[in-house]
Amino acid sequence: GIQVEQSPPDLILQEGANSTLRCNFSDSVNNLQWFHQNPWGQLINLFYIPSGTKQNGRLSATTVATERYSLLYISSSQTTDSGVYFCAVGLYNQGGKLIFGQGTELSVKP
Amino acid sequence: KAGVTQTPRYLIKTRGQQVTLSCSPISGHRSVSWYQQTPGQGLQFLFEYFSETQRNKGNFPGRFSGRQFSNSRSEMNVSTLELGDSALYLCASRPTSLDEQFFGPGTRLTVL
């Protein structure tokens, strides 16, 4: 089956620093989403980005589908950015099934 | 629009019991998917329902089952609970024409 690998697994930053999180996937996908899991466990949608580039405030994401990777950029990080970031992909003809990476745990220190 | 809601939020059961979890999707969303999150296995797909029919199923034993009602609300049931079933169970919904999924707050199940 498809493999979804996220790197790095852990990241510690000082407030104000920038970071790049990476998601590699081993097959063609028709859905790619980035989520931030809050301390209570809920997955918060960041981007739906099967291809191309999107920006939302301090966050932006790029997916290069032909090379099977996606990047999530966080600029001017804040302590509230702390938590686990997940990449999840969906395959053609598999409806709503998402395959998740193992996540990147981000800790932003004041 | 209200988001995806899940009830109950927390649940404690003992081995051998069964449990039913409920999920109400975003209004207008007809697809509901369920996921299990554990520290060891991460987030894993359980099943998806669309228009009261199971469309896809993950690699879980038959003790895990679900259903969807005509109003798109969904329930999942776990019978003969095992300690390893302790997990966060997440429900997601999506509109028919799009792939983007939206998750509920989850139900945290503890099996003693």
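A brief report on the enclosed structure follows. Residue numbers restart at each chain and count upward from 1, following the sequence in its written direction. In the order they appear in the text, chains get letters beginning with A and ligands get numbers beginning with 1. Note on the predicted model: pLDDT of at least 70 is required for a residue's local features to be given, and 80 or more for side-chain atom pairs to be given and counted; whole-chain, interface and lining totals, by contrast, use all residues. Excluded from the side-chain calculation are hydrogens and water; included are all heavy atoms of the structure.

1. Concerning the overall build of chain B
Helix and strand definitions here come from DSSP, where helices need a minimum of 4 consecutive H or I residues and strands a minimum of 2 consecutive E residues; each element is numbered from the N-terminal end. Helix and strand counts for chain B come out as 0 helices and 11 strands. Mapped from its N terminus to its C terminus, chain B presents α and β elements in the order β-β-β-β-β-β-β-β-β-β-β. Radius of gyration: over C-alpha atoms. The globule rule applied is 2.2 Å multiplied by the number of residues raised to the 0.38 power. For 112 residues, the compact-globule estimate of 2.2 N^0.38 gives 13 Å, and the C-alpha radius of gyration of chain B, at 13 Å, lies within 12% of that figure. In terms of overall dimensions, chain B has a C-alpha envelope of 40 × 25 × 25 Å along the principal axes. Of all 112 residues assigned to chain B, the portion counted as buried reaches 51%. Any residue under 20% of the maximum accessible area for its type is buried, any over 50% is exposed, and the rest in between are partly exposed; the area is computed with a 1.4 Å probe on protein chains only.

2. Points about the sheet that holds strand 1 (residues 4-7) of chain A
Sheet strands associate in pairs through backbone hydrogen bonding, adopting either a parallel or an antiparallel arrangement. Residues and elements named next belong to chain A. Strand pairing is assigned whenever DSSP identifies at least 2 bridges connecting the two strands. Judged by pairing direction, the sheet is antiparallel, and its 5 strands sit side by side in the order 1-3-8-7-6 without closing on themselves. Every other strand in the sheet has two partners, leaving strand 1 and strand 6 (52-56) as the edge strands with one partner each. Taken pair by pair, the neighbouring strands of this sheet meet at an average axis angle of 15°, ignoring direction. Pairing geometry for strand 7 (residues 59-64) and strand 8 (residues 69-74), over 6 bridges, is antiparallel. When the sheet's bridge partners are listed, Thr-62 is paired in strand 8 with Leu-71. With axes taken as lines fitted to C-alpha atoms, and helix axes fitted only over the stretch in contact, angles between N-to-C directions fall between 0 and 180 degrees.

3. A short note on the packing of aromatic side chains
Two aromatic rings are characterised by how far apart their centres lie and by the angle between their planes. When two rings of Phe, Tyr or Trp (its six-membered ring) have centres within 6.5 Å they constitute a pair, described as stacked for plane angles under 30 degrees, edge-to-face for angles over 60, and tilted for the intermediate range. Applying the stated criterion to the full structure yields 9 aromatic pairs over all chains. With centroids separated by 5.6 Å and ring planes inclined at 65°, the aromatic side chains of Tyr-35 of chain B and Phe-45 of chain B adopt a geometry described as edge-to-face. A residue pair is termed long-range when its members are at least 10 positions apart, and Tyr-35 of chain B in strand 4 (residues 31-38) and Phe-45 of chain B in strand 5 (residues 42-50) qualify at 10 residues. Judged on exposure class, the residue Tyr-35 of chain B and its partner Phe-45 of chain B are both buried. Three or more aromatic residues link up through ring pairs in this structure, and these residues are Phe-35, Phe-86 and Phe-100 of chain A together with Tyr-35, Phe-45 and Phe-103 of chain B.

4. Section: the side chain of Thr-62 of chain A
All names here are of chain A. When you line up the elements, Thr-62 lands in strand 7. Here Thr-53 takes part through its side chain, which lies 3.1 Å from a polar atom of the side chain of Thr-62. With residues up to four places along the chain from it excluded, the contact list for Thr-62 reads Ile-49, Gly-52, Thr-53, Tyr-69, Ser-70, Leu-71 and Tyr-73. Polar contacts here mean pairs of N or O atoms no more than 3.5 Å apart (in protein, one a potential hydrogen donor and the other a potential acceptor; neighbouring residues in sequence count only if both atoms are side-chain atoms). Contacts were defined at the residue level, with two residues in contact if any of their heavy atoms lie within 4.5 Å.

5. Description of the environment of Arg-22 of chain A
All names here are of chain A. With respect to the helices, strands and loops of the structure, Arg-22 is situated in strand 3 (residues 19-25). Measuring from C-alpha to C-alpha, the distance between Arg-22 and Phe-86 comes to 10.0 Å, with 64 residues separating the pair along the chain. Among all residues touching Arg-22, those that are not within four sequence positions of it are Glu-5, Gln-6, Ser-7, Trp-34, Tyr-69, Ser-70 and Leu-71. Reaching out from Arg-22, the side chain makes a polar contact with the side chain of Asn-24 at a distance of 2.8 Å.

6. Let's talk about the pairing of strand 5 (residues 43-48) of chain A
Where a strand is regular, its side chains alternate between the two sheet faces. Residues and elements named next belong to chain A. In this structure, strand 4 (residues 31-37) lies alongside strand 5, joined through 5 bridges in antiparallel fashion. The residue of strand 5 that forms the bridge with Trp-34 is Phe-47. Where strand 4 folds back on strand 5, the antiparallel hairpin that results is connected by 5 residues, among which Gly-41 adopts a positive phi of roughly 100°.

7. Focus: the state of the cysteines
A covalent bond between the sulfur atoms of two cysteines is referred to as a disulfide. Residues and elements named next belong to chain B. When two cysteine sulfur atoms lie within 2.5 Å, the pair is treated as a disulfide. Scanning all chains against the criterion turns up 2 disulfides over all chains. Two residues share a disulfide in this structure: Cys-23 and Cys-91, whose sulfurs sit 1.7 Å from each other. Given an S-S torsion of about -50°, the disulfide between Cys-23 and Cys-91 has left-handed geometry. Remark: Cys-91 occurs in strand 9 (residues 87-94) and Cys-23 occurs in strand 3 (residues 19-24); sequence separation between them is 68 residues. Note on accessibility: Cys-23 and Cys-91 belong to one class, buried.

8. As for the nonpolar core
Residues belong to one nonpolar core when they are buried, are Ala, Val, Leu, Ile, Met, Phe, Trp, Tyr or Cys, and are joined through side-chain atoms within 4.5 Å. Judged by nonpolar contacts, the single largest core of 24 residues is most densely connected at Trp-34, Leu-72 and Val-89 of chain A. Within the second largest apolar cluster, 21 residues are counted, among which are Ile-26, Phe-64, Val-78 and Leu-109 of chain B.

9. Regarding the pattern of salt bridges
Residues and elements named next belong to chain B. Should a side-chain nitrogen of Lys or Arg be within 4 Å of a carboxyl oxygen of Asp or Glu, the pair is scored as a salt bridge. Under the definition given, this model contains 7 salt bridges over all chains. In this structure, Arg-67 engages Glu-75 in a salt bridge whose closest nitrogen and oxygen atoms are separated by 3.2 Å. The closest approach of N and O atoms between Arg-73 and Glu-75, which form a salt bridge, is 3.3 Å. Because the salt bridges share partners, they merge into one network encompassing Glu-48, Arg-94 and Asp-99.

Don't take any of this as a statement about function, it's just geometry.
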